[in-house]
Amino acid sequence: MVTNVIGCPLTQRQLIDELFMEHRTKVLDIAAFLDRLDRAAAQDAEDDFRLVAFRETLRELTSAAPGRVERAQMILSDRTIEPLAELDRKAAYGASIRTADGNGAGGAA
Amino acid sequence: MNYIDIHAHMISRTTDDYERMAIAGCVALTEPAFWAGYDRRSADVFADYFDHLTDFEPKRAAQYGIDHYTWLCLNPKEGEDRDLARQVLAIIPEFLGKPNVLGIGEIGLNRVTRNELATFKDHVALALAHDQMIHIHTPHLEDKYKGTKVMVDTLAADGRVDPNRVMVDHAEEHTIEMILDNGFWTGVTLYPVTKTSPGRAVDMIERYGTERICVASACDWGPSDPLAVPRFIMEMRRRGHDEELIRTVVYDNPVAFLSQAQHFHQPRERAVVAAT
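Attention here is on the structure that accompanies the text. It should be emphasised that the depicted structure is a prediction, and the values quoted were computed from it without experimental measurement.

Cut-offs and rules
Residues numbered from 1 in each chain as written. Chains lettered and ligands numbered in written order. Predicted model: local features only at pLDDT ≥ 70, side-chain atom pairs only at ≥ 80, totals over all residues. Heavy atoms only, no water. Helix = DSSP H or I, 4+ residues; strand = E, 2+ residues; numbered from the N terminus. Buried < 20%, exposed > 50% of the residue type's maximum accessible area, 1.4 Å probe, protein only. Contact = heavy atoms within 4.5 Å. Areas by Shrake-Rupley, 256 points an atom, 1.4 Å probe, with all protein chains shown as cover. Polar contact = N/O pair within 3.5 Å; in protein donor to acceptor, adjacent residues only side chain to side chain. Patch = residues over 30% accessible without salt bridge, like charges linked within 9 Å, V, L, I, M, F, W, Y side chains within 5 Å. Salt bridge = Lys/Arg side-chain N within 4 Å of Asp/Glu carboxyl O. Nonpolar A, V, L, I, M, F, W, Y, C, P; charged D, E, K, R; others polar. Expected span 1.5 Å × (residues − 1). Bend = angle between axes of the 7 residues up to and from the residue. Disulfide = S-S within 2.5 Å. Core = buried A, V, L, I, M, F, W, Y, C linked by side-chain atoms within 4.5 Å. Axes fitted to C-alpha atoms, helices over the stretch in contact; angles between N-to-C directions. Parallel < 35°, antiparallel > 145°, perpendicular 65-115°, else oblique. Left-handed = near helix turned anticlockwise from the far one by under 90°. Pairing = 2+ DSSP bridges.

Structural notes on the overall build of chain A
Logical step 1: Along chain A, the regular secondary structure elements total 3 helices and 0 strands.
Logical step 2: Beginning at the N terminus, the succession of helices and strands in chain A can be written as α-α-α.
Logical step 3: Buried positions account for 19% of the 109 residues belonging to chain A.
Logical step 4: The contacts in chain A between residues at least 6 apart in sequence include a share of 33% that link residues at least 24 apart.
Logical step 5: Surface exposure of chain A reaches about 7400 Å², of which carbon and sulfur atoms provide 56%.

Now the structure itself:
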């Protein structure tokens, strides 16, 4: 329960004047990454769980509803709750290889 | 502006970094025990590590007027090894009386396994047995939500734990609310790529306020920035926030949380060499 909201002191215009350029370049980097995947030597990972989650996250960004970052975080999260029976690997992938029902997602990592 | 970095792994930083942090206004920092980048083979190695954290690092920090504090544990990335965990937990009490030890940390989960959870619970029991504060690491990336939920639920179900004496660190947008709603302190980690940018950290302050929230660099041996907190200060100013509010986050809040530890003393404030 949020009871201590401070809010953003700047107007939309001020935020755009201050922050547009650095976010413009981030969007272009994503566009270039997607084009790079299209130009890749082999189209062998369209079902990779990371790319699937990435594309789903991009769709979320075009939502008109606030809370995009939380929803994007959840798309990229393991939404299962039961601890793993044993350690599978040391490092995280950045997207969940498991689906919410606990089954593995497609693709390799 | 004077600030406290509540999470900095200085063992993997150079002395130059201490100097740069002091110039930028750092007056104190806390260093949780962490993963060395490889799994250590015995409790003896941890004894040497704890000795380093309680002797060498505070001396190195003091050269630049920075008060150095530490938290002790076996890091979550090594928590899968239950035998090693038992051995390391057995030696921790002999270090708890050292003058810069704040409590047990950074304990937690990595990939959220049954063994990691058992080791986490053992650390909590150790902290409670010795009346120590707790500093908690939440997992990285896709494991953060699950790991945070498992630990918050575990602690909330344990009536012995005072959430006001627990820092659940590395909060992000999808975990901060559950941490705060359960009465814990939290930290937003200013770490490139895998954690939070200064801009997103300011967003969380704007959305959730300043109560029980701190920020930290978590600088370590990876690509990270020991000056991340001053960069957060700059971002807060760029976003139109006043100096009093900024100070609440980077100084007053760490003092309020850490003052619950027996060994913490409010740092002496000093003029900042470089304006931030």
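Brief notes about the side chain of Thr30(B)
All names here are of chain B.
Logical step 1: Its location among the elements puts Thr30 in strand S2 (residues 26-32).
Logical step 2: Looking at Thr30, the relative accessible area reads 1%, which means it is buried.
Logical step 3: For Thr30, the side chain forms a polar contact with the side chain of Trp71, separated by 3.0 Å.

Some points on a nonpolar patch on the surface
Logical step 1: Among the surface-exposed residues, Ile16(A), Phe20(A) and Met21(A) lie close enough to one another that they form a single nonpolar patch of about 330 Å² accessible area.
Logical step 2: Relative to the assigned elements, Met21(A) resides in helix H1 (residues 12-38).

Some remarks on the interface of chain B and chain A
Logical step 1: At the interface, 38 residues of chain B touch 38 residues of chain A.
Logical step 2: The interface formed by chain B and chain A holds 6 salt bridges in total.
Logical step 3: The salt bridge involving Arg238(B) is made with Glu22(A); its shortest N-O contact spans 3.2 Å.
Logical step 4: On inspection of chain B and its partner chain A, the count reaches 19 residue pairs in polar contact (both at pLDDT 80 or more).
Logical step 5: Secondary structure elements with two or more residues in the side of chain B that touches chain A: helix H4 (114-129), helix H5 (144-156), helix H6 (176-181), helix H7 (198-208) and helix H8 (228-238) of chain B.
Logical step 6: Per-element tally for the side of chain B that touches chain A: the top contributor is H7(B), with 5 residues.
Logical step 7: Taken together, the residues of the side of chain B that touches chain A sort by class into 9 nonpolar, 8 polar and 21 charged.

Looking at helix H2 (residues 43-62) of chain B
All names here are of chain B.
Logical step 1: In this model H2 runs 28 Å from its N-terminal to its C-terminal C-alpha over 20 residues, within 8% of the 28 Å that 1.5 Å per residue would give.
Logical step 2: Most pronounced at His52, the bend in H2 amounts to some 35 degrees.
Logical step 3: For H2, every residue scored as buried is listed here: Ala43, Phe46, Tyr49, Phe50, Leu53, Thr54, Glu57, Pro58, Arg60 and Ala61.
Logical step 4: Each element contacted by the buried residues of H2 is listed here: helix H1 (15-23), S2, strand S3 (67-72), helix H3 (82-91) and strand S4 (101-108).
Logical step 5: Near the N-terminus of H2, the side chain that reaches the backbone nitrogen of Asp44, with its oxygen 3.3 Å away, is that of Ser42.

Topic: the state of the cysteines
Residues and elements named next belong to chain B.
Logical step 1: Tallying each qualifying case throughout the model produces 0 disulfides over all chains.
Logical step 2: With no disulfide of its own, Cys214 lies closest to Cys26 among cysteine sulfurs, the gap being 13 Å.
Logical step 3: Residue classification places Cys214 among the buried positions, given a relative accessible area of 0%.

Quick notes on the environment of Leu96(B)
Residue and element names in this part refer to chain B.
Logical step 1: Examined against the element boundaries, Leu96 turns out to sit in the loop between H3 and S4.
Logical step 2: Look at Leu96 and you get buried, because its relative accessible area is 8%.
Logical step 3: Sequence-wise, Leu96 and His263 are 167 residues apart; in three dimensions their C-alpha atoms are separated by 9.8 Å.
Logical step 4: For Leu96, the contacting residues outside a window of four places in its chain are Val101, Ile104, His130, Gln132 and His263.

Concerning the nonpolar core
Residues and elements named next belong to chain B.
Logical step 1: Tyr3, Phe50, Phe120, Ile136, Phe232 and Val250 are the most contacted members of the largest nonpolar core, which totals 76 residues.
Logical step 2: Among the elements that line this core, the one with the most residues is H2, at 6 residues.
Logical step 3: Not counting residues within four places of it along the chain, the set of residues in contact with Phe120 comprises Ile107, Gly108, Leu109, Ile136, Met151, Thr154 and Leu155.
Logical step 4: Ile6, Trp71, Cys214 and Leu258 belong to the second largest nonpolar core, which has 18 residues in total.

Let's talk about the packing of helix H2 (residues 49-61) of chain A against helix H3 (residues 68-75) of chain A
All names here are of chain A.
Logical step 1: For the pair H2 and H3, the least separation of the axes is 9 Å and the interaxial angle reads 165 degrees. As summarised for this structure, H2 and H3 are arranged roughly antiparallel, according to the angle between their axes. For the pair H2 and H3, the sense of crossing is right-handed. Contact residues: H2 offers Ala53, Glu56, Thr57, Glu60 and Leu61, while H3 offers Arg68, Arg71, Ala72 and Ile75.
Logical step 2: Within the contact of H2 with H3, the residues separate by chemical class into 4 nonpolar, 1 polar and 4 charged.

Thoughts on the side chain of Asn2(B)
Residues and elements named next belong to chain B.
Logical step 1: In this structure, Asn2 sits in the segment before strand S1 (3-5).
Logical step 2: The exposure class assigned to Asn2 is buried, which follows from its relative accessible area of 7%.
Logical step 3: At 2.8 Å, the side chain of Asn2 forms a polar contact with the backbone oxygen of Arg270.

Some details on the pattern of salt bridges
Logical step 1: Tallying each qualifying case throughout the model produces 33 salt bridges over all chains.
Logical step 2: Between Arg13(B) and Asp17(B) there is a salt bridge, with its nearest N and O atoms 2.8 Å apart. The pair Arg13(B) / Asp17(B) is uniform in exposure class, with both members buried.
Logical step 3: Look at the salt bridges and you will find they share partners, linking Glu18(A), Glu22(A), Asp203(B), Glu206(B), Glu235(B), Arg238(B) and Arg239(B) into a network.

Let's talk about the sheet that holds strand S6 (residues 166-168) of chain B
All names here are of chain B.
Logical step 1: The strand order across the open sheet built from 8 strands is S1-S2-S3-S4-S5-S6-S7-S8, with neighbouring strands paired in parallel fashion. With one partner strand each, in any of the chains shown, S1 and strand S8 (213-216) form the two edges of the open sheet. Here the strands of the sheet are splayed against their neighbours by 25 degrees on average, with no regard to which way each runs.
Logical step 2: Where strand S5 (residues 133-137) meets S6, 3 bridges bridge the pair, whose relative direction is parallel. In the sheet register, His135 faces S6, and the bridge partner there is Met167.
Logical step 3: On the sheet, H4 packs against S4 and S5 and is oriented at approximately 165 degrees with respect to S4.

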